Amino acid sequence: MVNKPDIHESWYQVLKPEFEAPYFAKLKEFLKEEMKQHRIFPPANRIFHAFNTTPLAAVKVVILGQDPYHGLGQAHGLAFSVPDGVKPPPSLQNIYKELASDIGFRIPKSGNLEQWAQEGVLLLNTVLTVRESAASSHAGKGWELFTDAAISAISENRAGVVFMLWGKHAISKEKLINQERHFILKSVHPSPLSAHRGFFGCKHFSKANEYLKKIGFLTVDWQLRTH
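This structure is a prediction, so every number in the text was calculated from the model and none was measured. (Residues numbered from 1 in each chain as written. Predicted model: local features only at pLDDT ≥ 70, side-chain atom pairs only at ≥ 80, totals over all residues. Heavy atoms only, no water.)

## Remarks on the sheet that holds strand 3 (residues 121-125)
So, step 1. Strands sit in the order 3-2-5-6 across an open sheet of 4 strands; the sheet is parallel. If you trace the sheet from one side to the other, it starts and ends with strand 3 and strand 6 (183-187), each paired once. Direction aside, the axes of adjacent strands within the sheet are offset by 20° on average.
So, step 2. In terms of strand pairing, strand 2 (residues 61-65) meets strand 5 (residues 162-166) through 3 bridges, oriented parallel. Opposite V61, over in strand 5, you have V162 as the bridge partner. (Pairing = 2+ DSSP bridges. Helix = DSSP H or I, 4+ residues; strand = E, 2+ residues; numbered from the N terminus. Axes fitted to C-alpha atoms, helices over the stretch in contact; angles between N-to-C directions.)

What follows is the structure in structure tokens.
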């Protein structure tokens, strides 16, 4: 990671104080050491992929994940998403099932959610890196401070954004969001361990579009145009 981070200018302007903060310098040192000894996901050029694909002014919906997938070839910098050719993980399969029942979504073979990101859906993990085969290995190293600042920046600089908070970890970020300016949808996590306790049937995708339409924004085309 070089001095000027590989992040969209709109995000750099609001997050510049974070990049210059002491905790971020420590985080960079930690990542350098990790990269010497371990395989880290996603690849370095994809760490800020969510920010680069969805500029601040384009954000309509925020879906919060926790940390990247830790299996080889899975993480590519977008929460819940995997590259083409990689089998959709269980949580994403459950997201697809809810979409199918909510809006008649046609379930694709691909788990690549890049099209959503280009539509204005910020697919943000609260921790942006992970060591191979070690879930939550980069938690508590500084990323949470950085992504909290990003959530706060959306809350302060935008209006009418839908935040989908799934599970306790995501719901804990509710305090960063101005609820008078934005629309918050909450449910349990789509993981197989919890999806049946309220994620299935939450209808977050249709509710998001109803809200966006009501305030005069373009809705999200959730259908993925993939094979």
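## What to know about the packing of helix 4 (residues 90-103) against helix 8 (residues 204-214)
Two quantities define a packed helix pair, namely the angle between the axes and the distance from one axis to the other.
So, step 1. Orientation of helix 4 relative to helix 8, taken along the N-to-C sense of each, is 60°, at an axis distance of 8 Å. On the basis of their axis angle, the class for helix 4 and helix 8 is oblique. Contacts between helix 4 and helix 8 pair I95, E98, L99, D102 and I103 from the former with H204, F205 and S206 from the latter. (Parallel < 35°, antiparallel > 145°, perpendicular 65-115°, else oblique. Contact = heavy atoms within 4.5 Å.)

## Observations concerning the pairing of strand 3
So, step 1. Burial runs high along strand 3: 5 of the 5 residues are buried.
So, step 2. Going residue by residue along strand 3, you find V121, L123 and N125 tucked away on one face and L122 and L124 tucked away on the opposite face as well.
So, step 3. Pairing of strand 2 with strand 3 involves 5 bridges; the strand directions are parallel. Its bridge partner being in strand 3, V61 is matched across the sheet by V121. (Buried < 20%, exposed > 50% of the residue type's maximum accessible area, 1.4 Å probe, protein only.)

## A short note on the packing of helix 1 (residues 9-19) against helix 6 (residues 143-157)
So, step 1. Direction vectors running N to C along helix 1 and helix 6 enclose 140°, while the axes themselves pass 10 Å from each other. Put simply, helix 1 runs oblique to helix 6. Crossing of helix 1 against helix 6: the hand is right-handed. Between helix 1 and helix 6, the residues in contact are W11, V14, L15, E18 and F19 and L145, F146, A149, A150, A153, I154 and N157, respectively.
So, step 2. Classifying every residue of the contact of helix 1 with helix 6 by side-chain character gives 10 nonpolar, 1 polar and 1 charged. (Left-handed = near helix turned anticlockwise from the far one by under 90°. Nonpolar A, V, L, I, M, F, W, Y, C, P; charged D, E, K, R; others polar.)

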